[in-house]
Structures are given as C-alpha cells and as structure tokens.
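A structural walkthrough
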Amino acid sequence: MNAANPDSSPESSMAECLLRPGNTNCGGCGMSTGLTMLGRALENESYSLVIPACCGIVTAGAFPTTSYNVPVAASTFASSPAYASGVAAVNELNHDPDDKPGHVICWAGDGGTYDIGIATLSAAAERNENLIYFCYDNEIYGNTGGQRSSATPTAAKTTTTPAGKGEKKKEIIEIMAAHHVPYAATLSIAHPEDFRDKIRKALEIRGFRFFLIHSPCPTGWKTEPAESIELVSLAVRSGVFPLYEVFNGIDYRIQAEPDGTDPARYYEKQKRFSGQEINLQTVKRNVQEKQARLKQLAAL
Amino acid sequence: MQLVTGNHAAGHSMSVAGEANRNSRGVVCGIYPITPQTEIVEYIARYPFTKGRVIPVESEHSAMGVCIGAALNGARTFTASSSNGLAYMAENIMVAAFYRLPVVMVAVNRTLGPPWNIWADQGDSLMFRDFAWIQLYCDSNQDVADTTMLAFRLAEDPRVLLPVMVCMDAFIVSHTSMEIELATQEQTDRYLPPCRIPHRLDQEHPRTVGGMTFPQETLTHRLELDEAMKCVPDVLEEHRRNFKEVFGREVAGAVSAYRTDDADRILIVSASISTTARKVIDKRRERGEKIGMIRIKLFRPFPGGQLRELCANAEKIGVLDRNYAAGTGGIFCHEVRACLQGQHDRLVQGYLTGIGGGDVIPKTVHEVIEDLTQRSQAGEAVWKGIDP
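Report follows, based on the coordinates. Owing to the predicted nature of the structure, the values given are computational and were not obtained by experimental measurement.

As a further point, take the pairing of strand β3 (residues 103-109) of chain A. Residues and elements named next belong to chain A. The element β3 is extensively covered by neighbouring structure, given that 7 of its 7 residues are classed as buried. Judged by which residues are buried, β3 turns out to be covered on both faces: His-103, Ile-105, Trp-107 and Gly-109 on one side and Val-104, Cys-106 and Ala-108 on the other are all buried. Summarising the sheet, strand β1 (residues 47-51) and β3 pair through 4 bridges and their orientation is parallel. Note that in β3 the partner of Tyr-47 across the bridge is His-103. With 5 bridges joining them, β3 and strand β4 (residues 132-137) adopt parallel strand pairing. Following the sheet pairing, Ala-108 is matched in β4 by Cys-135.

In structure tokens:
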C-alpha cells in the first residue's frame, strides 16, 4: 500500500485493506471497487462503518467471519444515519483530547439513501452530524435482484419496471445541498485520484459530508463485468454522471467537463436500456439540461 | 419527598442514571415526542449532563436507532415513547434486544390508534412481548422512579444484557402528581456501576455486528437470549436487595401477592389497576370473604413459576386486562392460563377492563368479583365498561 515505507510487506499491506480477500461479491461490482478505494483513501485513519441492509452488509459474509477489517455495525434499512449519529456522539465524548475522534462512515446503497432512508438521512444532514455518508448508487435494489428505486434512471428496465422506467431519477446531491451540508460530492471509480482527493478533503471538514458513487451492477444492468470501469468512465465523459462537489450547499465546483462523448455509447452497452430508443432521446435531453444547470450553479 | 408526576419521576431517574456514567463512556439518547410521554424526553433534553448528548431526531424509529448506535459504541442509553410511536419504532426495538444492548425505555401505555385516543391501554408495549425485552409494569409514581433506576442495573448486568421497557399507564400515572422520593446523584452513583458493553465496537478487534448468520448460529443466538431471560428473576431479586441497601426502601418485585394465603378466589392485575383492586380486596375481606390479589409487574420474562405457587390453592382466578388482543381476549389472561395449564384444573376467567383508557373504579372490580364468584366455568373474556 505504502511504497515509501520500507517495512511494508505484503502481509502488513493486507492488514491495512478495508476489504479483505475472500468476499463473495459479483465480478465487476462497482461497490467492491469503491470499498477498496475508500480503504486506500482512509489509510492510517481510525474509523467505523455503519451499513444498512444492502449488498454492502452481505459483503461482510456469514458470522463469525467478516470481510471488513474495521468495526462494522449493521443497521436496519432506513437507519444508518441514526445509528451512525449514536456511534459518532460517543466517539466525540470519548476521544483523546490530543487526537481527533474516529471517523464514522455510513456505507449505503441507493435504496437505503434515496428511498427508505431519506427521512433519516435528511434529519442527520439537518443536524449536521459529524459523519461521512457514502451512497454507492447502482440505480436499483441490487441485493433483491434488481427492482426500481427512485435512483433508477429514465428508460431503465428493472424487474418492477419491465417496460422501462418512465420517471426521472432523483437529484440526491441537490437534495443534500439543500440541507446546507458542509460538503457533498460525486465520485467515480473510473477517477481514482479524484476519488481519493475528495475523501481526503472531506476528512478535514467537520459535520455532515455526503458522497455519491456511480456504482455499476453488472447483474442488474445486464452489462459485461469487465466493462464496469469503462462504463462509468463513459458516464463521466458524456455528462451522464458529472463529477462535481458542493460546499455548504451553495459553492458548486465541477471537476470534469464532458468531452463530447455521445451518451448513447454509455446506454448502448447496457441491456437494461435495450429497446428503449424513444426514451433515450428524452434521456439525452435530460443529460444536457443537467449539464446546463450545473454550469449555471458553478458560475454563481 | 417531592410532588412529581410519573413522567417527571421517569425523566429524573433516567437522567441521574445517565449522569452516573460520566466517568465511563457517557450517555447518549435519541428522543422524539409523543403524547403522553413528551415530558420525559423534555426532561432528558434539558438535563445538564457532564458527559452526554441528547439527539432530537425525526422519528421514533431513529430515536431507537441513535440509542442502538450509541450503545454499540459503549454508552449508557435510554429513551421514552408511547402508542403509535412504539409501533413506528418496532423494527429497531427488536434490534436493541437482538444486539443484546441494555437500552432502557419508558413506555407510557397509550391506546393504539385509530381511532385516535391518548388514554391508557397496554396494547402498545404488549406488542413487543416476544422481542426479548424485559417488561416491567409500574403501579405508581414511586414505583416508576424506582423501577426505572433498577432497570439500568438489570439491563446492564452481564448475566442479562437485555433492554428493559418500564411501563406506566397514560395520565393515571404519567400526568398525576404524587409525593415520592427521588434518587439523588450520590445514591445513583453508588447504585449503578459504570455501563460496560462487552461487544462494543473496538478498533483493536474489528468485528461486524449484525452480519448474516446461518440457522445453527441463529439458533444459538436465540438460545442465549433464552438463557439471559431465565436469569432475570434471580438477578432482579439481587438488584432489589442492592436497591434497598442504597435507597433505604423496597421496590416491588416480579409479582406481589396481597392477602392470597387462604384465598379461594384471586384477582390478577397489573399497573395502576392494582392500587384500586387492593382497596376492593380490603373491603371484601372486611366482609369475611376469602379473596386476594396478585399484581404482576414483570411481564417478560413471565413469572409463571411464582404464579403457579401463589395460585396453588385458589379455586377461581379472575384476570383483569387493560389490553385487547383482537380475536382472543386479554393478553395477561392468556399468559396466566398458559402458565397454570397442566397444574390444577381451576377456573381462570378474563375481564377486559379500562380498554381505551376507561376508568377502572372500585365498582368495576366489585362487579368482576361478583361475576367470578357466581361462575361455575370460565368463558370468553367479559367486556367491562360497555354502557347497557
């Protein structure tokens, strides 16, 4: 992990990993890559995870084993920010006066964030709890086999929207920005430096910090596992998933401008959008509108 | 002595218990208002804890969620709720017990709606009778103050490590003032050891609390809950003795028998109805009737053994329930029947009294006794308080 450290052996490197070898996650799972990147960004930091019902807790494996190398509390589906508020409050009451309290991190899917958990999330954000919330967004209820959530994009076919979803995806970053949280940002596993830098930046900020990770799910998206990184890269380049951050709900900064890549290249690789040509025109228009709006906000 | 309501008594005992953990990992509570317990969480919210944080959340579900997170990180935790608030909290109520976290919750028993009704009925807390929470039903303000204090000792005892629900009747106890003794901080510090949660999150030994388990491990988990529950009656007695040493007064135990020694008929009651029934028993005894009563305070684990002994010589037993399990009758009555089954063939009759907060007055109890006395066999639960 740390090439500059001469004492660093493969064994000690392994001990530093957040996600230990041997978990049962699917090939091409964006969440798994996200966890690995999270672990690297948090090297030498003391932290605990709170994970609601989602693939993230299944990742731990069956008791008494666990794939996680840090303390983890499993929470009920809607509750991760509430449990994390309790954990963080006790950390604040007990930390060494010479040191910062250990970080408390929620690691939740889009169902637990956009849908069932949104009231709990909103409340913790409004209270500006000192915790870091990650939503790995695979745009479906992946753990239950791929049902629509309010994060599912327009036109995507899921087991509960067999003809393609008609509605628009919620703008969760804007929802969080409307809570005036100190920091909210998007992350792509195709941009590891940006991923790490934003997390390191967030560690220096106190209060509620929110991250949205675009997280491919080959099983649910009907995509090739080997193409996961390429897919999310296309999403950034085409403007489908812009990389940006918002400070205090008002200060928008864009990290990656679209390079002219046609969004169709992103959609065409996914069987969940197959046979949705008419809807795709709407989707492209949505992407353009979102880009324009984001630029306006960043210019303010 | 101080003149305080049941809510004040509960809020005070919980707050001094929280403060008593100031030299350990402190106290953290999630709170949310609902009539008629709101005064309790208000009391907690304004308490000047040396090492604590009270988090006013957006729902009961999250109030318990905060308590769970804080307890998993080693803090003393408590909250209060009622009625539909408890129903909304249900999923996390279950987790607190299954995670073996010694959360103390005061449940002010209020009718579940609709139709909307804020008065006393035990149907809310009794929903959670099978969730591995210890349940104690209080009969008076002093009992609320002392039982709430004792609840921490019981919940945090390493042989138990289970959450405790301390229940009181809405308004009859929660909003009625009585002169009682309140615990001082000095007494509380002597009574409560620092809260220690052995399986709390630990950076040195990273564990995943609450991951998947297969049937065999789940069976072991349930068996351990059963073992902990079985310890409760003895541990409760032990901490009642400690309580008397520190506070100089008795706190009622699992069951309290009143004039049952030679009784041919016994009434079984709980919570504030006990205080009314006791007076009626005295009246009937003055008339030479051999009648007694048993107050059940510990509902979970159910004190079946003690009840079997106390009821051994009675011919007829009447159970007064301020709760209604739709389709079957009163819940205490079913539990009493189940625990006496196979012992002696005696008549156990259920009465639904004070449902939805109706008054249970001496006349109600007299009518129950008259019905019980003339009965030759038990039947379906008798509804009391229905206007003819």
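Quick look at the nonpolar core now. Counting residues in each nonpolar core, the largest one holds 213 residues, and the members touching the most others are A:Val87, A:Phe134 and B:Val166. Excluding residues that lie within four positions of it along the chain, A:Phe134 makes contacts with A:Leu38, A:Ile105, A:Cys106, A:Trp107, A:Phe211 and A:Ile213.

Backbone hydrogen bonds are what pair the strands of a sheet, in a parallel or an antiparallel way. Residue and element names in this part refer to chain B. Ordered in space as β10-β12-β11-β14-β15-β16, the 6 strands form an open sheet in which the pairing is mixed. Each end of this open sheet is capped by a strand with a single partner; those strands are β10 (255-258) and β16 (382-383). Direction of pairing for strand β15 (residues 347-352) relative to β16: parallel, over a ladder of 2 bridges. Following the sheet pairing, Tyr-351 is matched in β16 by Val-382. Against the sheet, helix α12 (residues 362-374) engages β11 (265-269), β12 (291-296), β14 (316-321), β15 and β16, with an angle of about 145° to β14.

The next thing to look at is the sheet that holds strand β7 (residues 243-247) of chain A. Read from one edge of the open sheet, 9 strands run β8(A)-β7(A)-β5(A)-β6(A)-β4(A)-β3(A)-β1(A)-β2(A)-β9(B), paired in mixed fashion. The open sheet is flanked by β8 (251-256) of chain A together with β9 (208-209) of chain B, the only strands paired with a single partner. By the bridge criterion, 3 bridges tie β1(A) to strand β2 (residues 72-74) of chain A in an arrangement that is parallel. Among the inter-strand pairings, A:Leu49 is bridged to a residue of β2(A), identified as A:Val72.

It is worth spelling out the environment of B:Ala20 at this point. All names here are of chain B. Assignment of secondary structure puts Ala-20 in the loop between α1 (6-19) and β2 (27-31). Using a count of 25 C-beta atoms within 10 Å as the deciding quantity, one classes Ala-20 as buried. Separated by 30 residues in the primary sequence, Ala-20 and Thr-50 place their C-alpha atoms 9.4 Å from one another. Not counting the four nearest positions on each side in its chain, Ala-20 is found in contact with Thr-188, Asp-189 and Leu-192.

Once that is clear, we can look at the interface of chain B and chain A. Where interface size is given, it is often the accessible area lost as the parts come together that is meant. At the junction of the two partners, chain B supplies 38 residues and chain A supplies 36 residues. With 9 residues, helix α3 (residues 60-72) of chain B is the largest single contributor of residues to the side of chain B that touches chain A. When the residues that make up the side of chain B that touches chain A are grouped by side-chain class, the tally is 15 nonpolar, 15 polar and 8 charged. Sheet topology note: the β2(A)/β9(B) ladder contains 2 bridges and is parallel. Bridging from a neighbouring strand, A:Val72 pairs with B:Thr208 of β9(B).

In this structure, A:Pro64 follows A:Phe63 across a cis peptide bond, with omega equal to 5°. Structurally, the position occupied by A:Pro64 is in the loop between α3 (55-58) and β2. A cis geometry characterises the amide bond from B:Pro114 onward to B:Pro115, with omega recorded as -5°. Counting through the fold element by element, B:Pro115 comes out in the loop between β5 (104-109) and α5 (123-126).

Criteria and cut-off values
- Residues numbered from 1 in each chain as written.
- Chains lettered and ligands numbered in written order.
- Predicted model: local features only at pLDDT ≥ 70, side-chain atom pairs only at ≥ 80, totals over all residues.
- Buried ≥ 20, exposed ≤ 12 C-beta atoms within 10 Å, placed from the backbone.
- Helix = DSSP H or I, 4+ residues; strand = E, 2+ residues; numbered from the N terminus.
- Pairing = 2+ DSSP bridges.
- Core = buried A, V, L, I, M, F, W, Y, C linked by C-beta atoms within 7 Å.
- Contact = placed C-beta atoms within 7 Å.
- Axes fitted to C-alpha atoms, helices over the stretch in contact; angles between N-to-C directions.
- Nonpolar A, V, L, I, M, F, W, Y, C, P; charged D, E, K, R; others polar.

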